[in-house]
Amino acid sequence: MSENECRYTPPMSAHVLSGKPVADQLLEALKPQVEVLNPKLVIVQVGADPASTSYITQKFKSCDRVGMRHEHRHLETDTSFDQLSSLIDDLNRDSDVSGFIVQLPLPSHLEPHTPQLIRAVDPRKDIDGFGAYNLGKMFLSVEFEHLPPATPSGVIELLNFYSIPIEGKHAVIVGRSNIVGKPLAVMLLNRGATVTVCHSKTKNLSHFTRQADILCSAVGHPKLITKEMVKPRAVVIDIGVNRMDGNLVGDVDFESIKEIASAITPVPGGVGPMTVASLIRNCVRAKERQLEDQK
Ligand code: NDP
């Protein structure tokens with residue numbers, strides 16, 4: 001081969017955006033506030049869904065790391081709507097509880113009542129940020145994102161940590177749930193991205209995903225996003241969590257896409273730790289606001 005002939009250069013592999021150092025930094029920064037404010041987080045679990053139990057364990061581990069008080073209210077699978085509503089009322093009234101969440105999904109008999117139960121949580125203690133008050137406030141501007149849902153909030157934190165610009169970029173989100181896709185769209189819009197939201201009724205999904213500078217998938221289908229659906233040098237944020245053959249995988253075909261993307265989050269270890277850290281931050285913020293309101 002002569003010197004002037006082009007040599008094959010393998011594609012540059014994507015920067016893997018680990019959530020761990022970002023979550024560590026976020027939690028570390030919360031410690032002094034936790035020490036002063038002494039917040040308490042409560043998680044209500046109905047039944048014994050193993051995935052929920054594992055998420056709750058991770059949340060309490062992070063509480064321990066920052067020195068935050070926490071309590072697990074574990075109810076039987078056959079808990080009635082009235083019993084759960086009554087516990088929510090108690091937690092709303094308990095001035096020692098700074099923030100609480102009802103771990104989702106609920107057992108099948110309660111699942112249809114999820115919106116009603118979320119609505120029952122006092123917005124000042126709604127640290128999941130799933131209620132209409134906290135979601136609605138996000139629509140105003142970044143300044144009003146007081147208790148944003150933890151997963152979208154974690155995605156934004158991750159992009160910021162790795163200095164990935166958002167303003168002026170085309171962000172394409174696959175998934176439009178009220179807890180991930182929609183609030184993420186609002187948060188990206190608040191930061192100057194042009195946002196496209198895709199869902200199960202979107203025709204020709206790859207037409208949209210191929211335009212993304214930042215592609216976020218929050219669906220829950222392994223390998224939904226293939227290499228052909230990604231623009232070279234895009235930033236790919238995999239929010240999906242799926243169990244396959246005993247392992248956790250995302251929505252994105254990680255191995256092939258990392259060859260063309262500029263950056264990509266792993267599953268596990270990408271968005272997951274960010275969700276937990278953002279929840280803890282919301283609890284601190286909730287307590288802070290409650291103390292301000294008392295003044
Ligand atoms: P939902 O099931 O509520 O929403 C899934 C979304 O995906 C819906 O908007 C649905 O569309 C859309 N969708 C389904 N199939 C397709 C398809 N073939 N093409 C395009 N869009 C499709 O899930 P969540 O938002 O609660 O969670 C999404 C994923 O994120 C799950 O895997 C979940 O486990 C994970 N997750 C991860 C977290 C983390 O911390 N990493 C935290 C929370 C969730 P439609 O609205 O039309 O039905």
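In case you missed it, the structure is sitting above this.
Every value quoted in this text rests on a predicted model; they were computed, and no experiment measured them.

Q: Which residues make up the overall build of the chain, and what values do they have?
A: When helices and strands are tallied, the chain shows 10 helices and 11 strands. The principal-axis extents of the C-alpha atoms in the chain amount to approximately 80 × 40 × 35 Å. A total of 295 residues make up the chain; the buried ones form 48% of that total. For the chain, the accessible area works out to roughly 14600 Å², and carbon and sulfur atoms hold 53% of it. Side-chain charges in the chain split into 32 positive and 34 negative, and the spacing between the mean points of these groups amounts to 3 Å.

Q: I'd love a proper account of the side chain of Asp128, names of residues and values included.
A: Locating Asp128 in the fold gives a position in the loop between helix H4 (114-120) and helix H5 (132-138). Comment: no salt bridge for buried Asp128; closest opposite-charge side chain is Lys59, at 5.5 Å. Not counting the four nearest positions on each side in its chain, Asp128 is found in contact with Ile101, Val102, Pro148, Pro149, Ala150 and Leu279.

Q: Talk me through the packing of helix H1 (residues 20-37) against helix H6 (residues 150-161); I want residue IDs and the actual numbers.
A: Between H1 and H6, the least distance of the axes is 10 Å, while the angle of their chain directions is 100 degrees. Classed by the angle they form, the pair H1 and H6 counts as roughly perpendicular. Facing Pro21, Val22, Gln25 and Leu26 of H1, the residues of H6 in contact are Glu157, Leu158 and Phe161. Its residues assigned to classes, the contact of H1 with H6 comprises 5 nonpolar, 1 polar and 1 charged.

Q: Break down the site of the ligand for me, with residues and values.
A: Neighbouring residues of the ligand: 20 residues in total, closest Arg176, Ser177, Ser200, Val241 and Thr275. Note that an oxygen atom of the ligand is positioned 2.5 Å from one of the side-chain N or O atoms of Ser177. Contact between the ligand and Thr275: an oxygen atom at 2.7 Å from a side-chain N or O atom of the residue. Summarising the interface, the protein chains cover 69% of the accessible area of the ligand, which totals 930 Å² for the free molecule. Element by element, the count of residues in the shell around the ligand is highest for helix H10 (residues 271-294), at 3 residues. Within the shell around the ligand, the residues separate by chemical class into 9 nonpolar, 10 polar and 1 charged.

Q: For the sheet that holds strand S2 (residues 40-46), give the residues involved together with the corresponding values.
A: With respect to topology, 3 strands assemble into an open sheet ordered S3-S2-S4, the strand pairing being parallel. Two strands close off the open sheet at either side, each with one partner strand: strand S3 (69-75) and strand S4 (99-102). Direction aside, neighbouring strands of the sheet carry axes that sit 15 degrees apart on average. Pairing between S2 and S4: 4 bridges, direction parallel. Its bridge partner lying in S4, Ile43 is registered against Ile101. Relative to the sheet, helix H2 (residues 50-66) contacts S2, S3 and S4, its axis offset from that of S2 by approximately 170 degrees.

Reading the values: rules and limits
In every chain, residue numbers begin from 1 and rise along the written sequence. Thresholds applied to this predicted model are a pLDDT of at least 70 for local features of residues and 80 or more for the giving and counting of side-chain atom pairs; totals over whole chains, interfaces and linings are not thresholded and use all residues. Side-chain figures throughout are based on the complete set of non-hydrogen atoms in the structure, without hydrogens or water. Helix and strand labels come from DSSP, where a helix needs a run of H or I of at least four residues and a strand needs a run of E of at least two; each type is numbered from the N terminus. Per-residue accessibility, obtained with a 1.4 Å probe over protein chains only, is compared with the maximum for each type, and a residue is labelled buried under 20%, exposed over 50%, and partly exposed between these values. Working definition of accessibility: Shrake-Rupley area with a 1.4 Å probe, residue cover restricted to the visible protein chains. Residues counted as positive are Lys and Arg, residues counted as negative are Asp and Glu, and His and the chain ends are not counted. In plain terms, the charge of a residue is placed at NZ if it is Lys, CZ if Arg, CG if Asp and CD if Glu. By definition, a salt bridge exists where a carboxyl oxygen of Asp or Glu is found within 4 Å of a side-chain nitrogen of Lys or Arg. Note on definitions: a residue-residue contact is assigned when non-hydrogen atoms from the two residues lie within 4.5 Å. Here, axes are lines fitted to C-alpha atoms. For helices the fit covers the stretch in contact, and angles between N-to-C directions go from 0 to 180 degrees. Orientation labels follow simple angle bins: below 35 degrees gives roughly parallel, above 145 gives roughly antiparallel, 65 to 115 gives roughly perpendicular, and whatever is left gives oblique. By the convention adopted, Pro, Cys, Tyr, Trp, Phe, Met, Ile, Leu, Val and Ala count as nonpolar, Lys, Arg, Asp and Glu as charged, and the other residues, Gly among them, as polar. Here, proximity means that at least one heavy atom of the residue falls within 4 Å of the molecule or strand. In protein, a polar contact requires one atom able to donate a hydrogen and another able to accept it; more generally it is a pair of N or O atoms within 3.5 Å, and residues adjacent in sequence count only if both atoms are side-chain atoms. Two strands pair under a simple rule: DSSP has to find at least two bridges between them.

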